[in-house]
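# Coordinates in review
One-letter residues, chain by chain:
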Amino acid sequence: MKEKQTNEKLIGLVVGGIANEFSKEIIKGIVNRLPKNTNIRLAILPGELMVENFQGDTVSQHNYMFNSVYNLGSVCKMDGLIIAMGSIGWALKKEQIHSFLDQYKDIPTVLLASDFEEYTTVNYDNKMGISETINVLVSEYGFTHIGMIGGYEENVDSTRRREIYIECLAENGISFDEKLYVSSDMSENTEGVSEKLLNDNPDIQAIFCVNDASAVGLYNVMKRRGLVPGKDIQVFGFDNTHMAAEMTPTLSSIGSESVTLGQKALELLLKKIEGEKVESVNVPTRLYGRQSLKYDKYEYSLADLSIINEDLINRMFDECFYRYANETISREDINLKRLFYEILSRMFKGIRKRYIGKDEFEEIGELIDIFFRNRAMEYTDVSKFIESVTRLQTGINRVLRGKENTPVNRLFLRMKDDALRSVSEMRTREFNAGFISRDMFRKFLIKSMDYNHDKDKVRMDLLTSINMVGIKNAALYIFESPVTMEQIAVRDYPELIRLVSVVKSDVIYQIPEGRQYRPLSDIFIQREIKVYNKNFVTFPIFYEKSFYGLLLTDLSPDIYDKGEMIATLIGMVVHLLKSEVKPIA
């Protein structure tokens, strides 16, 4: 049996799916905190909510089979685990959670969004951000009718946020009104409860959504009623996900101030692995103002703009490109914060001199182009950036008291143009990638319907053609015999599994039959995996009650949204090929 190198660490992340915004933020936070050229590899194990009879028997059975990947945390050789209990186990009873966690009792573990005091946990400091926002609504807006779309009572964060919402109202002299609160399932399907909230409260002034996803249904209802978030009713969410920045109008949201849940969990876990004693942590939060609730943490006075210094420029960068603080910078990367300082400091130097020469103007313009070519807009949202630049430009022109510096204004315009162009190019790439993926899926399905040839040959052709569905790097493992639901229940997995094929940089390699059998416990440390990838996602290959194998893919940007669909498609094809297909008479 192969062993890991002594200085190599394998970290498992158990999370409730990877397509939802909460999980995406957790994963990206951990990945961004991993140093470049690290000896740490991340194995993401995305399952579903662990609860029986959730949305019907069919959904519960699907979730049960999908959650087979959770057991790999104990079956395989993990050095440590991060478990997002808030997204996978909030509906379980405490004894059920203990039973689930007991399988990892010998592995250093950190829990996310959990209230289990006997475990090391990382949670949001919910009070910090909610208090800031309620205070703004009351003191700056003068509001007294502030409603809330909450979540499940069993969910730790949902319960805490409701309690804090009521507490913050009381601190501002406002009594809690039951009519101003409705419960939701914390998903985008909140139209029904949003209708009730608005019907019962025609004078409502602001609405707190328990998470960003729950604001989607509210937006839909408000649009049908001709109401605009941020104009007719102030709206804010929680988690500060990328979704918030992409909604129309953009959604103000409470999120981590300096470090994400995932980053802090990784930091604590690595210390635990080294034998250090660690304490549970609450991550500070703040409100990120956008169009649905105007708010800027820092206001810049005319006096500030007249004495621009390094601290002020860096504060501007941190406020606008707030996601960049979570990025790991290597020697090879361009430091965007330092580049931003170089651009603005040279512009302000020209402002003070009342002159920017042609050569200097061209050099600053080229630095602006470099800034945006290096993914600057991935760390902010376009409306926030445009508004910030406009406010800065307007303030500077006021400081100049009518003596506008034309070259500086042209440079500000170049910033806005580059930002809009960068966002447009990102959207175009996403659209083209989606079109290509649909075409690949179609070709794969057509190939799977070819039963005119030898069945075994068709099966092998398909299992060695998974690159057709757009996976660039992956490994496909198949059990000799399917694992049943009963075996999953007692974690009775075969010791060996077959590595059928590997995809490396879009090229598929069929593994010779004599080299296919591998210990299931070693699937994350095989040479075929680690030479091309250090962060990968594991999807179960199953159909109905038969668990056929595992698909390990690299953590590419598009795998978040299409990974589960690919695994489901392969599961259907494998099932069809293993079944007797009889022609219809």
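## Re the nonpolar core
- With 130 residues, the main nonpolar core has Ile83, Ile523, Phe524 and Leu550 as its most contacted residues.
- Broken down by element, the residue count for this core peaks at seven residues, all from strand S13 (residues 474-484).
- When sequence neighbours within four positions are dropped, the list of residues in contact with isoleucine 83 reads Val14, Ile88, Phe100, Leu101, Tyr104, Thr109, Val110, Leu111 and Leu112.
- Residues Tyr324, Leu344, Leu367 and Val408 belong to the second largest nonpolar core, which totals 35 residues.

## Observations concerning the pattern of salt bridges
- The full count for this structure, using the stated rule, is 28 salt bridges.
- A salt bridge links lysine 127 to glutamate 171; the nearest nitrogen and oxygen atoms lie 3.2 Å apart. A residue pair is termed long-range when its members are at least 10 positions apart, and lysine 127 in helix H6 (residues 126-139) and glutamate 171 in helix H7 (residues 156-171) qualify at 44 residues.
- Accessibility expressed as a relative area gives 25% for lysine 127, which makes it partly exposed.
- Residue classification places glutamate 171 among the partly exposed residues on the basis of a relative accessible area of 47%.
- Residues aspartate 157 and arginine 161 are paired through a salt bridge, measuring 3.7 Å at the closest nitrogen-oxygen approach. Taken together, the residues aspartate 157 and arginine 161, both in helix H7 and four residues apart, mark about one turn of the helix.
- The exposure class assigned to arginine 161 is buried, which follows from its relative accessible area of 2%.
- Among the charged side chains, a network of salt bridges with common partners joins Glu191, Glu195, Arg224 and Arg225.

## Considering the packing of aromatic side chains
- For the structure shown, the criterion picks out 22 aromatic pairs.
- Residues tyrosine 70 and phenylalanine 100 carry aromatic rings whose centres are separated by 5.9 Å and whose planes lie at 70 degrees to one another, so their mutual orientation is edge-to-face. With tyrosine 70 in the loop between helix H2 (57-66) and helix H3 (72-75) and phenylalanine 100 in helix H5 (residues 94-102), this residue pair connects regions lying 30 residues apart in the sequence. Across the pair, exposure class does not vary: tyrosine 70 and phenylalanine 100 are buried alike.
- Where phenylalanine 321 meets phenylalanine 371, the ring centres are 5.3 Å apart and the plane angle is 85 degrees; that geometry is what we call edge-to-face. Here phenylalanine 321, found in the loop between helix H13 (310-320) and helix H14 (336-353), pairs with phenylalanine 371, found in helix H15 (residues 358-373); they are 50 residues apart in sequence, far enough to count as distant.

## Description of the pairing of strand S15 (residues 507-510)
- One ladder, built from four bridges, connects strand S14 (residues 496-504) with S15; its direction is antiparallel. Bridge assignment links lysine 504 to a residue of S15, and that residue is valine 507.
- In sequence, S14 turns back onto S15 through a hairpin of two residues, with serine 505 there showing a positive phi of about 50 degrees.

## Topic: the confidence of the model for the chain
- Mean pLDDT for the chain: 82, with 81% of residues reaching 70 or above.
- Below pLDDT 50 for its whole length, residues 581-585 participates in three contacts with residues either more than four positions away or in separate chains.

## Let's talk about the packing of H13 against H14
- At a minimum axis distance of 10 Å, the contact between H13 and H14 shows a crossing angle of 125 degrees. Relative to H14, the element H13 is oriented oblique. In this structure, the crossing between H13 and H14 has a hand that is right-handed. Counted together, Glu310, Ile313, Asn314, Met316, Phe317 and Asp318 of H13 and Leu336, Lys337, Phe340, Tyr341, Leu344, Ser345 and Phe348 of H14 form the full contact between these two elements.
- Of the residues belonging to the contact of H13 with H14, the class tally is eight nonpolar, two polar and three charged.

Rules behind the numbers
- Residues numbered from 1 in each chain as written.
- Predicted model: local features only at pLDDT ≥ 70, side-chain atom pairs only at ≥ 80, totals over all residues.
- Heavy atoms only, no water.
- Core = buried A, V, L, I, M, F, W, Y, C linked by side-chain atoms within 4.5 Å.
- Buried < 20%, exposed > 50% of the residue type's maximum accessible area, 1.4 Å probe, protein only.
- Helix = DSSP H or I, 4+ residues; strand = E, 2+ residues; numbered from the N terminus.
- Contact = heavy atoms within 4.5 Å.
- Salt bridge = Lys/Arg side-chain N within 4 Å of Asp/Glu carboxyl O.
- Phe/Tyr/Trp six-rings, centres within 6.5 Å; stacked < 30°, edge-to-face > 60°.
- Pairing = 2+ DSSP bridges.
- pLDDT = per-residue confidence, 0-100.
- Axes fitted to C-alpha atoms, helices over the stretch in contact; angles between N-to-C directions.
- Parallel < 35°, antiparallel > 145°, perpendicular 65-115°, else oblique.
- Left-handed = near helix turned anticlockwise from the far one by under 90°.
- Nonpolar A, V, L, I, M, F, W, Y, C, P; charged D, E, K, R; others polar.

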